[in-house]
Amino acid sequence: GEKYAEFDGKGMLYHAFSCFFFERLHKQGIATHFIERCSPIAMRVHKLRIVPLEMVYRRIAAGSLCKRTGLPKGEQLREPIVEPYYKRDVLGDPILAPAHIFLMELVSPTAYKQLVQQTRVLGDLLTTWLREVDFELVDMKLEFGWDVHSSLLLGDEISPDTMRIWDRHTGESHDKDVFRHDLAPLIPRYQEVARRLQIDV
Ligand code: UDP
C-alpha cells in the first residue's frame, strides 16, 4: 500500500500463475478452492469463509523475519518455519502467538495445527517445483478458508506477489521485491519464472 503502480498484463500473468499452481496441486491430490479456468482473467472457485490468518512459510531469512530477529538476509533456516499473521489492516497484520489466536478464538487448536501442517506441505512442494527450474523459494504467504462442508481449503492466489523467489545461481529476486526496491523492470522478471515453469501466458 505504500507504493502504487499499474503494469499492463499483470492480472493475466497472475491468473496464469495461480491456475498453474492450483492445477498442479490438484494433480497431487491437494484440494484447493480452485474449480476451473473460465477465461484468461477469470477462474471459478469454491466460496470460502476465510480464516483471519495469513500463514507464512519461510526457508531463508528475509523481510520482516530479519527486522524482527536480526537474522541476516539470506541466512538459510535450520528447517522451514511457519508463522501466523492476523489479517487486520487496522492493526497492520501483526504476527500472533498461538496463545493470542486461541484467546481470540480465531481458530481452534485443532484447526491451527492443520493450518500449520498444510502450510508446511504446500511450502515444501513449491520449494521442490521451483528448485526443478533453478529458483529458491525464500518465503511464501498462504490463505485458507472453510468451504460449505467445513473442509479447510487453500484459497486466495499463488503468485510471485505472495512469495519471495530467488534465482539459485545469481540470487536475483523474481518477486514483489523487484518492484518494492526498483531492482529491474518487473514484468520480465515474472515472465522468466513463468517461462521456466512452462506456464502459458
Ligand atoms: N506476504 C504477502 N502478503 C502480505 C504479507 C506478506 O504476500 O500481506 C508475503 C511476502 O511477499 C513474503 C512473505 O509473505 O513472500 C513474508 O513476508 P514478510 O513477513 O517478510 O513481510 P514483507 O517483508 O513482505 O513486508
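Attention here is on the structure that accompanies the text. Going along each chain's sequence as written, the residues are numbered from 1 onward. Reporting of local features is limited, given that this is a predicted model, to residues whose pLDDT is at least 70; pairs of side-chain atoms are given and counted only at 80 or more, and all residues count toward the totals for whole chains, interfaces and linings. Working from all heavy atoms in the structure, the side-chain values ignore hydrogens and water.

### A closer look at the overall build of the protein chain
Numbered from the N terminus, helices here are DSSP runs of H or I no shorter than four residues, and strands are runs of E no shorter than two. Secondary structure summary: the protein chain contains six helices and nine strands in total. The C-alpha radius of gyration computed for the protein chain amounts to 17 Å, which stays within 12% of the reference 17 Å derived for 201 residues, consistent with globular compactness. Taken over the C-alpha atoms alone, the protein chain extends approximately 45 × 45 × 30 Å along its principal axes. Per-residue accessibility, obtained with a 1.4 Å probe over protein chains only, is compared with the maximum for each type, and a residue is labelled buried under 20%, exposed over 50%, and partly exposed between these values. Buried residues in the protein chain amount to 46% of all 201 residues. A fraction of 61% describes how many contacts in the protein chain between residues 6 or more apart in sequence connect residues 24 or more apart. Asp and Glu are treated as the negative residues and Lys and Arg as the positive ones, with His and the ends of the chain left uncounted. For this purpose, a charge sits on NZ of Lys, CZ of Arg, CG of Asp or CD of Glu. The average position of the 27 basic charges and that of the 29 acidic charges among the side chains of the protein chain differ by 3 Å. Throughout, radius of gyration means the C-alpha value; the globule benchmark is 2.2 Å times the number of residues raised to the power 0.38. Here, residues are in contact when the closest pair of their heavy atoms is within 4.5 Å.

### A few points about the nonpolar core
We define the nonpolar core as a collection of buried residues of types Ala, Val, Leu, Ile, Met, Phe, Trp, Tyr and Cys that are connected through side-chain atoms lying within 4.5 Å of one another. In terms of nonpolar packing, the biggest core is built from 50 residues, with Phe21, Leu53, Val107, Phe144, Met163 and Leu197 touching the most fellow members. Setting aside residues no more than four positions away along its own chain, Phe21 makes contact with Leu126, Trp129, Ile158, Met163 and Leu197.

### Overview of the side chain of Glu136
Among the secondary structure elements, Glu136 is positioned in strand β6 (residues 135-142). Overall, Glu136 belongs to the buried group, its relative accessible area being 11%. Within 3.5 Å is the distance limit for a polar contact, defined as a pair of N or O atoms, with the added protein rule that one can donate a hydrogen and the other accept it, and that residues adjacent in sequence qualify only through two side-chain atoms. At a separation of 2.8 Å, a polar atom in the side chain of Glu136 contacts the side chain of Arg131. Once residues within four sequence positions are removed from consideration, Glu136 is found in contact with Ile60, Arg131, Arg164, Ile165, Trp166 and Arg168.

### Comments concerning the sheet that holds strand β3 (residues 49-50)
Strand order across the open sheet formed by three strands is β3-β7-β8, with antiparallel pairing between neighbours. At either end of the open sheet lies a strand with only one pairing partner, and these are β3 and β8 (152-154). Here, any two strands with at least 2 DSSP bridges between them count as paired. Pairing between strand β7 (residues 144-146) and β8: three bridges, direction antiparallel. In the strand pairing of β8, Gly145 is matched with Leu153.

### Concerning the packing of helix α1 (residues 10-27) against helix α6 (residues 186-196)
Where α1 contacts α6, the axes come no closer than 11 Å and their chain directions differ by 25 degrees. It follows that α1 is roughly parallel to α6 by the angle criterion. Note on packing geometry: the crossing formed by α1 with α6 is left-handed. In contact with Lys10, Leu13, Tyr14 and Phe17 of α1, α6 contributes Ile187, Tyr190, Gln191, Val193 and Ala194. Taken together, the residues of the contact of α1 with α6 break down into seven nonpolar, one polar and one charged. In this analysis an axis means a line fitted to C-alpha atoms, helices contributing only their contacting stretch, and an angle means the value between N-to-C directions, from 0 to 180 degrees. Should an angle fall under 35 degrees it is called roughly parallel, over 145 degrees roughly antiparallel, and 65 to 115 degrees roughly perpendicular, with every other angle called oblique. Handedness of each helix crossing follows the sense of rotation of the near helix against the far helix: counterclockwise by less than a right angle gives left-handed, clockwise gives right-handed. In the scheme used here, Gly and all other residues not listed as nonpolar or charged are polar, with Ala, Val, Leu, Ile, Met, Phe, Trp, Tyr, Cys and Pro taken as nonpolar and Asp, Glu, Lys and Arg as charged.

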